[in-house]
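Summary of structural features
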Amino acid sequence: MSCRASSAPPRRPWRASPSPPSPFPRRPRPWRPARAAAAPAAASRISTAYVLPGDRVYPEGIAADPRTGTMYAGSFKDGTVYRMRPGRRTAEVFLPAGADGRHTANGLKTDRAGRLWVIDSSSGVAVYDARSRALLARFAVPGDGARFVNDLAVAPDGGVYLTDSSRAVVYQVTPRDLEAARGGTGTLTLRFDLSDVLEPHEPADFTLNGIVADPTGRFLLTDDMLGGDLYRLDLATGAIRKVALSGGDMRNADGLELQDGRLWTADNVDNALTRWRVAPDGTRARLERTLADPSLQVPTTLVRRHGTLYVVRSQFDKGGPLGDGIPEIPFTVAAVRGL
């Protein structure tokens, strides 16, 4: 286990490409100093929590059912969704590859009503009954052109918010939308447009990625993994505000997890996790700790339960969308304690 170094290689933004779009860097960008506040290696422990069967999984998303503790992981390669039960080390296939026309399984979330939300980056999101596996509804991206639906958050009122990394927007599905689309297909509604707010970027660059909801229902937080910023989205007024960050930035930040005033990030190509202290009103965040370790194997998303972070090891750099090579089999989900 090793900590983040005091210097970093050149950063590269994410760009879209043909189906399935690759969420990984294509062109170089200027070097910037690495984050401070590295965590002592002995302070955190990384182990394997779950094994995902298959030799071409390349997992991307992870979710935990708040009622049962059951977890789900999705394959970026073919859209398979795996179920991980407490006490069982090996996951089982919950939704097979290609089910319901799904090509990828990016962001995943379970809500308090027992529904599993599964993003297909190229089309939108499907909603399933987590007990019966029944498809309840689908929501499609509006319009034509580039899109990469990436991650989602469930707000306390049941509203669901989804980032589009290609369009730099956040979509919304309200409980009323879900009821209206039940048994059929609805259309994602544009809720926040950050395209004119983010740092300058090329049209094909990937920007927004992870997203979380404030437990009081006041705001969302979403990261611009290219510009390195975090944004506060006010659910009452629609206002968009850049969060004041101290001690670091959000470059290469992928999935987010928010609990008890702390925000964790998975920084994919950096093989790193970070922990931030977030102000109650969501306007400021301070970097507290950073853990970098190659055994994280390009972490994309994470979820926290009972003090442990469960982190997807995507291995996207080993024959996946990031680079050539041979992945380490089996694909796994890591357990990280002490961060």
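Preceding block: the structure.
The rules behind the values
Numbers given for residues are sequential positions, taken from 1 along each chain in its written order. Two thresholds apply to this predicted model, a pLDDT of at least 70 for residue-level local features and 80 or more for giving and counting side-chain atom pairs, whereas whole-chain, interface and lining totals are computed over all residues. Only hydrogens and water are removed before side-chain values are computed, so all heavy atoms of the structure are retained for them. In summary, the pairing rule links any two rings of Phe, Tyr or Trp, Trp by its six-membered ring, whose centres are within 6.5 Å, and it sorts them by plane angle into stacked for under 30 degrees, edge-to-face for over 60 and tilted for everything else. By the criteria applied, helices consist of DSSP H or I runs no shorter than four residues and strands consist of E runs no shorter than two, each listed in order from the N terminus. Think of it in three bands: residues with accessible area under 20% of the maximum for their type are buried, residues over 50% are exposed, and the middle band is partly exposed, with areas taken using a 1.4 Å probe on protein chains only. What is meant by a nonpolar core is a set of buried Ala, Val, Leu, Ile, Met, Phe, Trp, Tyr and Cys residues, joined one to another through side-chain atoms within 4.5 Å. The contact criterion used is simple: two residues touch if any of their non-hydrogen atoms lie within 4.5 Å. Think of a polar contact as two N or O atoms within 3.5 Å of one another; within protein, one of them needs to be a possible hydrogen donor and the other a possible acceptor, and neighboring residues in sequence only count if both atoms come from side chains.

All chains considered together, the criterion is met by six aromatic pairs. With a centroid separation of 4.9 Å and 65° between ring planes, the pair formed by Tyr58 and Phe331 is classed as edge-to-face. Within this pair, whereas Tyr58 is found in the loop between β2 (45–52) and β3 (59–64), its partner Phe331 is found in strand β28 (residues 331–337), the two being separated by 273 residues in sequence. Residue Tyr58 is classed as buried on the basis of its relative accessible area of 1%. Look at Phe331 and you get buried, because its relative accessible area is 0%.

By size, the foremost hydrophobic cluster in this structure holds 23 residues, and its most contacted members are Tyr50, Leu52, Ile62, Met71, Met84, Tyr310 and Val333. Listed by contribution, the elements that provide at least two residues to this core are β2, β3, β4 (71–75), β5 (81–84), β27 (308–313) and β28. Discounting chain neighbours no more than four positions away, the residues touching Met84 are Tyr50, Leu52, Ile62, Thr70, Met71, Tyr72, Ala73, Ala91 and Val333. The next biggest cluster of nonpolar side chains, apart from the first, holds 18 residues, and it includes Val125, Val127, Ala137 and Val173.

With that settled, consider the side chain of Thr301. Tracing the chain through its elements places Thr301 in strand β26 (residues 299–305). The class of Thr301 is buried, set by a relative accessible area of 5%. A polar contact of 2.7 Å, which involves the side chain of Thr301, links it to the backbone oxygen of Glu60. Residues in contact with Thr301, not counting those within four places in the same chain, are Glu60, Gly61, Ile62, Asp151, Asp254, Gly255, Ala266, Tyr310, Val311 and Val312.

Limitation: the analysis is restricted to geometry and does not speak to function.
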